[in-house]
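# Architecture and fold: a report
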Amino acid sequence: MHTSALPDVPLPDGYRFRSLTEADLRAAVDLDFWAFPSGTSLDEAVRHPFPLGWDRTVGIEAAGFDGLAALHGSYPFQEFGVPGGTLPTGGLTWVGVHPQHRRRGLLTAMIDFHLARCRRRGEPLSALFAAEAPIYGRFGYGKAADDIRLTIARGAALHDVPGADEHTVHIAHASREQHGDLVERLHRAAGARPAGVAGINRPGWCERETEQLQAHFWDDPPAHRDGRESRRIAVVEHAGEPRGYALFRRKLDWEVFGPRGTAAVSEVVALDAAAARALWGVLADFDLTVETSTFLLPVDDAVTRLLVNPRAAQPRVVDNLWVRLVDVGAALAGRQYAADVDVTLAVRDARLPENTGTYRLRARAFGEATCDRVTGGADLSLDVRELGAAYLGGTSLVSLAAAGLVTEHTAGTLAHAAAAFGWPVAPMSSWVW
Ligand SMILES: CC(=O)SCCNC(=O)CCNC(=O)[C@H](O)C(C)(C)COP(=O)(O)OP(=O)(O)OC[C@H]1O[C@@H](n2cnc3c(N)ncnc32)[C@H](O)[C@@H]1OP(=O)(O)O
């Protein structure tokens, strides 16, 4: 039995969807811990801010089973960064199935449910972080962004940037009261103008748009510190104006020959090259440490160019965002393109057949785009998953064609479309949701 408010998505016999409320907090966190084993007690966990809104948190119950069999939720991103703009996006998250109920189709049903709700809510995109990379391709999500992880040796040489030494860096305990507004303002500015250049935003960038997400982001439970100190912040300023920040934690380890501490930097934002240089100069030289590790940085982050010896920082590139076009026409018309383009795309979408069809995409470089359904042959054909991979501009259609995932029917159109779909700034989300 489904209530009328829920999409009518079939489930295996004995299961039913149920909207959850605040009263289900304990059951939701318990299910999450079944899916993602944790050493934190349930009593402790439910005292911390829950990041989801209950209107978008949905459980699955099983006949004769205590607690939830499965759960999923989504964040209502109204300003998810797409090339040249933003689009409403359902940020899928908290997907979990109790181990006793796995591999019976519950995830499949939850995805159908989520996509139906995205369509209903007018969200042309869905995006997610994948716990395991093989899970979501089958549902039409394409790997759309990578991030780069670095381990920077203490004192690593950095190129000079004129003006960097006119900056000061203030270091403090990080708190929402002290730094919430500053972080939000600088984070937003960095997404809108990542290189300080107007008109070129960072796709995939998104704000912690809800009160629940803000509260969750700033919560700093000792259980999440992995033996490190509480969260600290370095704010870089020029003439008294904040121009960037980094959130970090240090950990001190003593060995026979002395200190071998480490620093772990999470989010780093800098609005220009001089601010980035000043900030990284501090982050790469904490006393009593031997190295600084980074978490989510864009693959084109300034530090990758500032390091004189980038190879020594052991760069590791990992998948960041996965994107799914929920409404192909609206999504294609809802971003900008980096070159003039007029191309027809035959798109297959087995999961949302209403998307299957041929689309004529016309756009001016960094200007307006239109996308119309047409009949007849197409220049290129591809699955909706590959469109998701290319959508944020970080995956070339040519590279997908090289793997047999895009087919060119009209000679020359692949190169033009690939140039148009690309974007000068690498896509990424700076935080995992
Ligand atoms: C956006 C996020 O929240 S990411 C978090 C995802 N959650 C987790 O990783 C927590 C631990 N894992 C789980 O809770 C579950 O195993 C889930 C959610 C990954 C899968 O749930 P299930 O209900 O077992 O999936 P379901 O039965 O619908 O499987 C659908 C298909 O996906 C495949 N699949 C499911 N999980 C995985 C996986 N981890 N790796 C590869 N394939 C998978 C199944 O084999 C099945 O394939 P088939 O259609 O070819 O038969």
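Everything numeric in this text was worked out from a predicted model, so none of it was measured.

## Overview of the overall build of the protein chain
- Looking only at helices and strands, the protein chain features eleven helices and 22 strands.
- What you see for the protein chain is a C-alpha radius of gyration of 23 Å, in line with the 22 Å of a compact globule of 433 residues.
- With respect to the three principal axes, the spread of C-alpha positions in the protein chain is 65 × 60 × 40 Å.
- Expressed as a percentage of the 433 residues in the protein chain, the buried residues total 41%.
- For the protein chain, contacts bridging at least 24 residues in sequence account for 74% of all contacts bridging at least 6.

## So, the UniProt feature "binding site: acetyl-CoA" (unreviewed entry) in the protein chain
- As recorded in UniProt, the feature "binding site: acetyl-CoA" (unreviewed entry) lies at Val-95, Gly-96, Val-97, Arg-103, Arg-104, Gly-105, Leu-106, Leu-107 and Thr-108.
- Inspection of the secondary structure assignment puts Arg-103 in the loop between strand S4 (85-97) and helix H3 (106-121).
- With 8 C-beta atoms counted inside 10 Å, the residue Arg-103 sits in the exposed group.
- Thr-108 sits in the partly exposed class, given 16 other C-beta atoms within 10 Å.

## Topic: the sheet that holds strand S6 (residues 142-143)
- Spatially, S1-S2-S3-S4-S5-S17-S6 is the arrangement adopted by the seven strands of the open sheet, whose pairing is mixed. A single partner strand is all that each edge strand has here, and the edge strands are strand S1 (15-19) and S6.
- Note: strand S3 (residues 70-82) against S4, ten bridges, orientation antiparallel. Of the residues in S4, the one forming a bridge with Ala-70 is Val-97.

Here is what the cut-offs are and how they apply
Residues numbered from 1 in each chain as written. Predicted model: local features only at pLDDT ≥ 70, side-chain atom pairs only at ≥ 80, totals over all residues. Helix = DSSP H or I, 4+ residues; strand = E, 2+ residues; numbered from the N terminus. Rg over C-alpha atoms; globule rule 2.2 N^0.38 Å. Buried ≥ 20, exposed ≤ 12 C-beta atoms within 10 Å, placed from the backbone. Contact = placed C-beta atoms within 7 Å. UniProt positions renumbered as here; feature names shortened; annotations may be inferred. Pairing = 2+ DSSP bridges.

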